[in-house]
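The chain contents come next:
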Amino acid sequence: MSVASVRRAAKESVSGLPRAFWWLWASTLVNRLGAFVSIFLAMFLTADQGHSASFAGFVGALLGLGSVVSSIGAGVMTDRLGRRPTLLIAQASTAVSVAVLGFMTDPVAISVVAFVVGMASNASRPAVQAMMADIVAPEDRVRAFALNYWAINLGFAISSVAAGFVAEYSYLIGFLGEAAMTMLCAVLVFVKLPESRPDAVAAGGAAKGGEPAVSMGTVLRDGRFMAVVGLSFLLAVVFLQSQVALPVAMADGGFSTKDFGMAIAVNGVLIVAVQIPVTRFIEHRDQRMLMVLAALLGGYGFGLTAFAGSLAVYMLTVCVWTLAEIINSPIQMGLVARLSPVHGRGRYQGMYTLSWATASLIAPIAGGTVIDRFGADVLWAGCAVVGTVTAGGYWLLMRRVPATGLATGAAADTAPGVAAETAPEKAAETAPEAAAGAAAEKPGARPSAADPAGSPA
């Protein structure tokens, strides 16, 4: 491949997205560059503060519990208050609570503040995802979500290295550094990002044009969307076995922490290296089959771990399920955006976020329990089974949706009794994808209250 073709491919990957998206993307990158605390928190609690490993695990669980609790509340805030206010509140709260956590020494105080950190840090996700759906044209969303996911992994890869050096010098600097970077995100949002929410739905009232309000009951009654949430949860439980079960199994097999570090590093390196080109390759292909493929690759990627007897094979299995992650993430996020009514995107995104937050609580417990009682091979076989079931679920769910546009099915399958979007808005969002999956949308047709050009306020 020539240098010119590489440049052309890179330009095509980033062109055509509104300026507001890039400010949102930049805030994501800055946030992940400063993500120090989650990396060294367990070491801080045990090596620096002298607490037990079980207490460190308990604190980690409280972080996850905070995420679960805030998922729905943040989604409601995103719809009621707006995307921008929710982002500002979440990021400012995260900055303050992370800084406070660095000064805590009492176990009760650490537990309480850690729970608050979990709530605050997760509260921004529904707002970010809803804002991205607001400001990016439907045909560009898969690419936009992929670029955002790439920024998350690039930032985390850099912060993982930086956190080791920071922790050697001072854990407190790590806490304060993350607080400062998170506050910088809030400043970026305040200065550069306009509010993108369409005309607000009053509590218990109706949106502009007589559109009924979207409540959490609406979300729960949306059978197709809740099926997506359930399938997302199953796949998340599989993916999250990399956090606890995989290192435990490798340690039981005689591998060192250095070996695990090298194996899991493949995940981040591969995402940074191939996320964008893979997304370009799959962007306009049959997304129904790609979702099925991703579930199978995820399940059987972890299933292959049962046959790993060397570091090279472990690294190969990581490659397989990382490819599943690369395919699944942007397509799944695009699907969630398509199935979400314009005036209920925050609530829908909050429910989707809940699937991952809940999985982050259940996956470590389930993985550890299965390994203790039945052995690691049974766990990896179970991952293959769950991946197969999830793939079947995606196939059944999406079999009536046209291959060239998942949004086509969303138009006729919104929540019961709710006209999710006005006819002009829905036609503008679904027509390009239903026609060819890649046709350009006419100027001004985006279902967004933001400047169509994406220029920040």
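Keep in mind that this is a model prediction, so the values were computed, not measured.

Caption draft 1: View of the overall build of the chain. For the chain, the count of helices and strands is 19 helices and 2 strands. Evaluated residue by residue, the chain yields a buried proportion of 51% over its 457 residues. Counted over contacts in the chain with a minimum sequence separation of 6, partners at least 24 positions apart contribute 85%. For the chain, the exposed area adds up to about 18500 Å²; of that, 69% sits on carbon and sulfur atoms.

Caption draft 2: Structural detail: the nonpolar core. With 78 residues, the main nonpolar core has F21, M132, F225, M250 and W380 as its most contacted residues. With 13 residues, helix α15 (residues 311-339) is the single largest residue contributor to this core. Residues in contact with M250, not counting those within four places in the same chain, are F255, D259, F260, A263, L311 and Y314. Formed by 19 residues, the second largest nonpolar core is a distinct cluster that contains L41, L45, V98 and Y171.

Caption draft 3: Representation of helix α6 (residues 107-122) within the structure. For α6, with 16 residues, the first-to-last C-alpha span of 23 Å sits near the 22 Å given by 1.5 Å per residue. I110, S111, V113, A114, V117, G118, A120 and N122 are the residues of α6 that are buried. Contacts made by the buried residues of α6 are with α3 (37-48), α4 (53-80), α5 (83-101), α7 (124-135) and α16 (345-374). Looking at where α6 begins, the residue whose side-chain oxygen comes 3.1 Å from the main-chain nitrogen of V108 is D106.

Caption draft 4: Here's a closer look at the confidence of the model for the chain. Predicted confidence across the chain gives a mean pLDDT of 79, with 81% of residues reaching 70 or more. In the model, residues 200-207 has pLDDT below 50 throughout and makes 13 contacts with residues more than four positions away in sequence or in other chains. This model gives residues 404-457 a pLDDT under 50, and the stretch forms 116 contacts once residues within four places in sequence are excluded.

Caption draft 5: Local environment of the packing of aromatic side chains. Tallied over the entire structure, the rule returns 11 aromatic pairs. With centroids separated by 6.4 Å and ring planes inclined at 35°, the aromatic side chains of F55 and F58 adopt a geometry described as tilted. Note that F55 and F58 are positioned in helix α4 at a spacing of 3 residues, about one turn of the helix. F55 sits in the buried class, given a relative accessible area of 15%.

Caption draft 6: Layout of the side chain of D134. Along the polypeptide, D134 turns up in helix α7. Relative accessible area serves as the criterion here: at 0%, D134 is assigned to the buried category. A polar side-chain atom of D134 sits 2.6 Å from a polar atom in the side chain of R83. A polar contact is formed between the side chain of D134 and the side chain of S196, at a distance of 2.8 Å.

Caption draft 7: Fine view of the environment of M119. Counting through the fold element by element, M119 comes out in helix α6. Overall, M119 belongs to the partly exposed group, its relative accessible area being 30%. Sequence-wise, M119 and S70 are 49 residues apart; in three dimensions their C-alpha atoms are separated by 5.0 Å. Leaving out residues up to four positions away in the same chain, M119 has contacts with G66, S67, V69 and S70.

Caption draft 8: Here's a closer look at a nonpolar patch on the surface. Nonpolar side chains collect at one region of the surface, where V96, V100, M183, L184, V187, F190 and V191 lie side by side and expose about 590 Å² of accessible area between them. Contributions of two or more residues to the nonpolar patch are made by α5 and α9 (171-192). Residue contributions to the nonpolar patch peak at 5 residues, all from α9. Relative to the helices and strands, M183 is located in helix α9.

Caption draft 9: Spatial organisation of the packing of helix α2 (residues 19-33) against helix α8 (residues 141-169). In the contact formed by α2 and α8, the axes pass within 7 Å of each other and the chain directions differ by 25°. In terms of orientation, α2 and α8 fall into the roughly parallel class. By crossing handedness, the relation of α2 to α8 is classed as right-handed. Seen from α2, the contacting residues are F21, W22, W25, T28, L29, R32 and L33; seen from α8, they are A144, L147, N148, W150, A151, I152, L154, G155, F156, I158 and S159.

Caption draft 10: The arrangement of the side chain of T322 in detail. Along the polypeptide, T322 turns up in helix α15. Among the polar contacts made by the side chain of T322, one reaches the main-chain carbonyl oxygen of V318 at a distance of 2.6 Å. Ignoring anything within four residues of it in the chain, the contact list for T322 reads N267, L270 and I271.

Caption draft 11: Up close: the packing of α16 against helix α17 (residues 376-398). At a minimum axis distance of 7 Å, the contact between α16 and α17 shows a crossing angle of 130°. Viewed along their axes, α16 and α17 adopt a mutual orientation that is oblique. The residues of α17 that touch α16, namely those facing G367, V370, I371 and F374, are A376, V378 and L379. Counted by class, the contact of α16 with α17 contains 6 nonpolar, 1 polar and no charged residues.

Caption draft 12: Summary view of the pattern of salt bridges. For the structure on display, the rule yields 5 salt bridges. With a closest N to O distance of 2.6 Å, R345 and D134 form a salt bridge. Taken together, the residues R345 in helix α16 and D134 in helix α7 connect sequence positions 211 residues apart. Here R345 matches D134 in class, with each residue buried. We note a salt bridge from R143 to D140, for which the minimum N-O separation is 3.0 Å. Residue class for D140 comes out buried when judged on its relative accessible area of 12%.

Conventions and cut-offs
- Residues numbered from 1 in each chain as written.
- Predicted model: local features only at pLDDT ≥ 70, side-chain atom pairs only at ≥ 80, totals over all residues.
- Heavy atoms only, no water.
- Helix = DSSP H or I, 4+ residues; strand = E, 2+ residues; numbered from the N terminus.
- Buried < 20%, exposed > 50% of the residue type's maximum accessible area, 1.4 Å probe, protein only.
- Contact = heavy atoms within 4.5 Å.
- Areas by Shrake-Rupley, 256 points an atom, 1.4 Å probe, with all protein chains shown as cover.
- Core = buried A, V, L, I, M, F, W, Y, C linked by side-chain atoms within 4.5 Å.
- Expected span 1.5 Å × (residues − 1).
- Polar contact = N/O pair within 3.5 Å; in protein donor to acceptor, adjacent residues only side chain to side chain.
- pLDDT = per-residue confidence, 0-100.
- Phe/Tyr/Trp six-rings, centres within 6.5 Å; stacked < 30°, edge-to-face > 60°.
- Patch = residues over 30% accessible without salt bridge, like charges linked within 9 Å, V, L, I, M, F, W, Y side chains within 5 Å.
- Salt bridge = Lys/Arg side-chain N within 4 Å of Asp/Glu carboxyl O.
- Axes fitted to C-alpha atoms, helices over the stretch in contact; angles between N-to-C directions.
- Parallel < 35°, antiparallel > 145°, perpendicular 65-115°, else oblique.
- Left-handed = near helix turned anticlockwise from the far one by under 90°.
- Nonpolar A, V, L, I, M, F, W, Y, C, P; charged D, E, K, R; others polar.

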